[in-house]
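What follows is the residue order along each chain.
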Amino acid sequence: MAEIAIVYFSMKGETIAPGMKIVNLEKGHTAVTAEFIQEAVGGKLFELETVKTYVADHMKMIYEAKNELEKGIRPELKNYPDMTPYDTVFLGFPNWWNTLPMPVVGFLEHCNWQGKKIIPFVTSGGSGFGKSLEDLKKYCPGAEIAEGGAFLGHKVNDSKEQISDWAKQAVK
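Peer 1: Which residues make up the overall build of the protein chain, and what values do they have?
Peer 2: Counting secondary structure elements, the protein chain contains 5 helices and 8 strands. In terms of its C-alpha atoms, the protein chain occupies a principal-axis envelope of roughly 45 × 35 × 25 Å. For the protein chain, the computed accessible surface area is about 8,900 Å², with 48% contributed by carbon and sulfur atoms. A gap of 2 Å separates the mean positions of the 19 positive and 22 negative side-chain charges of the protein chain.

Peer 1: How would you explain the packing of aromatic side chains if you had to name every residue and give the values?
Peer 2: If you walk through the whole model with that rule in mind, you get 9 aromatic pairs. Each ring, one from Phe107 and one from Trp113, has its centre 5.9 Å from the other, and the planes form 75°; the classification is edge-to-face. Through pairs of rings, three or more aromatic residues link up here, namely Phe90, Phe121, Phe151 and Trp166. Above the ring of Tyr54, the side-chain terminus of Lys52 is found at 4.2 Å from the ring centroid. Directly above the aromatic system of Trp97 lies the positively charged group of Lys66, at a separation of 4.8 Å from the ring centroid.

Peer 1: Account for the nonpolar core, with residues named and values stated.
Peer 2: Residues Val7, Met83, Leu91, Phe107, Leu108 and Trp113 are the most contacted members of the largest nonpolar core, which totals 30 residues. Only β1 (4-8), α2 (58-71), β5 (88-94), α3 (102-109), β6 (117-124) and α4 (132-139) provide two or more residues apiece to this core. In contact with Trp113, other than residues within four places in its own chain, are Met83, Val89, Phe107, Leu108, Ile118, Tyr139, Cys140, Pro141, Gly142 and Ala143. Listed in part, the 19 residues of the second largest apolar core include Val32, Phe36, Ile119 and Phe121.

Peer 1: Mind laying out the environment of Gln162, listing which residues take part and the relevant values?
Peer 2: Of note, Gln162 is situated in helix α5 (residues 160-170). As for Gln162 and Phe151, which are separated by 11 residues in sequence, their C-alpha atoms are 9.4 Å apart.

Peer 1: Let's hear about unusual backbone geometry: which residues, and what values?
Peer 2: Even without being a glycine, Trp97 presents a positive backbone phi close to 55°. Here Trp97 is to be found in the loop between β5 and α3. Residue Trp97 is classed as partly exposed on the basis of its relative accessible area of 33%. Of note in this structure, Asn98 is not a glycine but carries a positive phi near 70°. Along the chain, the position of Asn98 falls in the loop between β5 and α3. Residue class for Asn98 comes out partly exposed when judged on its relative accessible area of 36%.

Peer 1: Got a sec to walk through the pattern of salt bridges? Specific residues and values, please.
Peer 2: Under the criterion given, the structure shown has 8 salt bridges. Arg74 serves as the salt-bridge partner of Glu109, at 2.7 Å between the closest nitrogen and oxygen. Residue Glu109 is found in helix α3, and its partner Arg74 is found in the loop between α2 and β5; the two are separated by 35 residues along the sequence. Between Lys131 and Asp135 there is a salt bridge, with the nearest N and O atoms lying 3.0 Å from each other. The exposure class of Lys131 is partly exposed, given its relative accessible area of 39%. Salt bridges sharing common partners tie together Lys52, Glu64 and Glu68.

Peer 1: Provide a residue-level description of the environment of Phe151, including the pertinent values.
Peer 2: You can see Phe151 is positioned in strand β8 (residues 149-152). By relative accessible area, Phe151 is classed as buried at 6%. Here the alpha-carbon distance between Phe151 and Ser127, two residues 24 residues apart in the chain, equals 9.6 Å. If sequence neighbours within four positions are ignored, Phe151 has contacts with Thr33, Phe121, Val122, Thr123, Ser124, Val156, Gln162, Ile163 and Trp166.

Parameters at a glance
Residues numbered from 1 in each chain as written. Predicted model: local features only at pLDDT ≥ 70, side-chain atom pairs only at ≥ 80, totals over all residues. Heavy atoms only, no water. Helix = DSSP H or I, 4+ residues; strand = E, 2+ residues; numbered from the N terminus. Areas by Shrake-Rupley, 256 points an atom, 1.4 Å probe, with all protein chains shown as cover. Lys, Arg positive; Asp, Glu negative; His and termini not counted. Charge placed at Lys NZ, Arg CZ, Asp CG, Glu CD. Phe/Tyr/Trp six-rings, centres within 6.5 Å; stacked < 30°, edge-to-face > 60°. Lys NZ or Arg CZ within 6 Å of the ring centre and 35° of its normal. Core = buried A, V, L, I, M, F, W, Y, C linked by side-chain atoms within 4.5 Å. Buried < 20%, exposed > 50% of the residue type's maximum accessible area, 1.4 Å probe, protein only. Contact = heavy atoms within 4.5 Å. Salt bridge = Lys/Arg side-chain N within 4 Å of Asp/Glu carboxyl O.

What follows is the structure in structure tokens.
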């Protein structure tokens with residue numbers, strides 16, 4: 001059986017819910033999704049955390065993320081998990097500006113993806129993966145990029161069965 005890792009980047013705190021309503025999350029949508037995946041298929045859970053703290057105001061934070069994307073800034077992570085022992089890696093992230101958040105890009109660039117299977121999952125307000133799957137292929141040469149799972153952030157807490165079923169299918 002393949003060794004499984006679940007690696008994710010998630011934002012807690014202020015975010016936008018349907019109807020442009022600002023809500024405060026104790027745990028980010030991607031973190032909840034990652035935990036559901038781990039419950040369904042096992043594996044080791046790794047959270048990607050930045051050294052820097054993003055601004056708390058969500059509307060300001062999204063422009064901070066846009067600046068990182070436009071300037072190619074890779075915020076330093078508190079640690080870079082070693083993916084060497086893992087054959088299969090679930091990789092979770094929110095859709096930021098139609099692609100991968102730059103902290104995730106920085107992590108991807110630190111790893112050798114040759115011969116690994118990456119199963120991406122994304123949380124968003126409805127935009128799904130955007131162009132992140134295309135970008136993922138660029139940052140993970142030699143990896144098999146499996147069909148991913150896209151989940152609506154504001155519905156994640158009520159989607160455990162759907163997420164679990166998807167994860168179990170993804171590792172078959």
